[in-house]
Amino acid sequence: DAGVIQSPRHEVTEMGQEVTLRCKPISGHDYLFWYRQTMMRGLELLIYFNNNVPIDDSGMPEDRFSAKMPNASFSTLKIQPSEPRDSAVYFCASRDRGEQYFGPGTRLTVT
Amino acid sequence: AQSVSQHNHHVILSEAASLELGCNYSYGGTVNLFWYVQYPGQHLQLLLKYFSGDPLVKGIKGFEAEFIKSKFSFNLRKPSVQWSDTAEYFCAVNVGSARQLTFGSGTQLTVLP
């Protein structure tokens, strides 16, 4: 298996623009997690899905952030409008038998 | 809510030195415990995990961790570090039936050649 796949790997955008991050979990994994990593706040859970259904989105910072999982093999995290404080590395992870497998991350820079 | 504390923010060792990184969690019930490693510019990779059974857990690359329930601790150890162990190390816990992980703030390990 190719592991968890994320795209793009790097994204640079201007403040106010819409940003969409994509994730393909490992086939057969029924949980998907979105995390954000910054120097100041470390690793934060934003939202997670079980069988494509959002279970806990309490970590989503504000209404500018939204996440969807239209099917078992694809999820998106959207920021609209983006702000400089959203600059971070965004990780997606999928879970099997208690263990989470992380993707390579998307490094987002908002100028 | 549960929390995870990693008290060592940055550890610097010479090659062949022994390593112990501290991890404490705050939850009195059933926990699953993990150590992840993040090499520079890379994603998190699982080093080892504890679900139940033998409290001394062996992971990849010569790492091990010991679960001490009475101390709410899950410290990571390696008898002899290598330069290639330079990375950031994260302790994580999930509690009971919860599926999400709570991560500690991470410990940056620098191994000098």
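The coordinates are above.
On a predicted model such as this, the values are computed, not experimentally measured, just so you know. (Residues numbered from 1 in each chain as written. Chains lettered and ligands numbered in written order. Predicted model: local features only at pLDDT ≥ 70, side-chain atom pairs only at ≥ 80, totals over all residues. Heavy atoms only, no water.)

Enquirer: Before we move on, could you go through the overall build of chain A and cite the residues and values that matter?
Expert: Broken down by element type, chain A carries 0 helices and 11 strands. Order of helices (α) and strands (β) in chain A, N terminus to C terminus: β-β-β-β-β-β-β-β-β-β-β. Against the 2.2 N^0.38 benchmark of 13 Å for 111 residues, chain A shows a C-alpha radius of gyration of 13 Å, consistent with a compact globule. Along the longest, intermediate and shortest principal axes, the C-alpha atoms of chain A span 40 × 25 × 25 Å. (Helix = DSSP H or I, 4+ residues; strand = E, 2+ residues; numbered from the N terminus. Rg over C-alpha atoms; globule rule 2.2 N^0.38 Å.)

Enquirer: So what about the side chain of A:Arg64? Which residues, and what values?
Expert: Residue and element names in this part refer to chain A. Mapped onto the secondary structure, Arg 64 falls in the loop between strand 6 (53-56) and strand 7 (65-71). Given the relative accessible area of 10%, Arg 64 is considered buried. Side chain to side chain, Arg 64 and Asp 86 meet in a polar contact 2.6 Å long. (Buried < 20%, exposed > 50% of the residue type's maximum accessible area, 1.4 Å probe, protein only. Polar contact = N/O pair within 3.5 Å; in protein donor to acceptor, adjacent residues only side chain to side chain.)

Enquirer: Tell me what's going on with the nonpolar core, and back it up with residues and numbers.
Expert: Core analysis: the largest hydrophobic core is formed by 29 residues, its most contacted members being B:Leu33, B:Trp35, B:Leu47, B:Leu48, B:Phe74, B:Leu76 and B:Tyr89. Secondary structure elements with two or more residues in this core: strand 2 (10-14), strand 3 (19-21), strand 5 (31-38), strand 6 (44-50), strand 8 (64-68), strand 9 (73-78), strand 10 (87-95) and strand 12 (107-112) of chain B. Element by element, the count of residues in this core is highest for strand 10 of chain B, at 5 residues. Counting 21 residues, the second largest nonpolar core, distinct from the first, contains A:Val19, A:Ile26, A:Leu77 and A:Val110. (Core = buried A, V, L, I, M, F, W, Y, C linked by side-chain atoms within 4.5 Å.)

Enquirer: Can you tell me about the state of the cysteines, naming the residues and giving the values?
Expert: Inspection of the entire model under this criterion finds 2 disulfides over all chains. Each sulfur in the disulfide pair A:Cys23 and A:Cys92 lies 1.9 Å from the other. Note on the A:Cys23 and A:Cys92 pair: the S-S dihedral is about -65 degrees, so by sign convention the disulfide is left-handed. Taken as a pair, A:Cys23 in strand 3 (residues 19-24) and A:Cys92 in strand 9 (residues 88-96) lie far apart in primary sequence, 69 residues in all. Assessed through its relative accessible area of 0%, A:Cys92 is described here as buried. With a sulfur-sulfur separation of 1.9 Å, B:Cys23 is cross-linked through a disulfide to B:Cys91. Judged by the torsion about the S-S bond (-65 degrees), the B:Cys23/B:Cys91 disulfide is left-handed. Of the two residues, B:Cys23 is situated in the loop between strand 3 and strand 4 (24-25) and B:Cys91 in strand 10; the sequence distance between them amounts to 68 residues. We note that B:Cys23, like B:Cys91, is buried. (Disulfide = S-S within 2.5 Å.)

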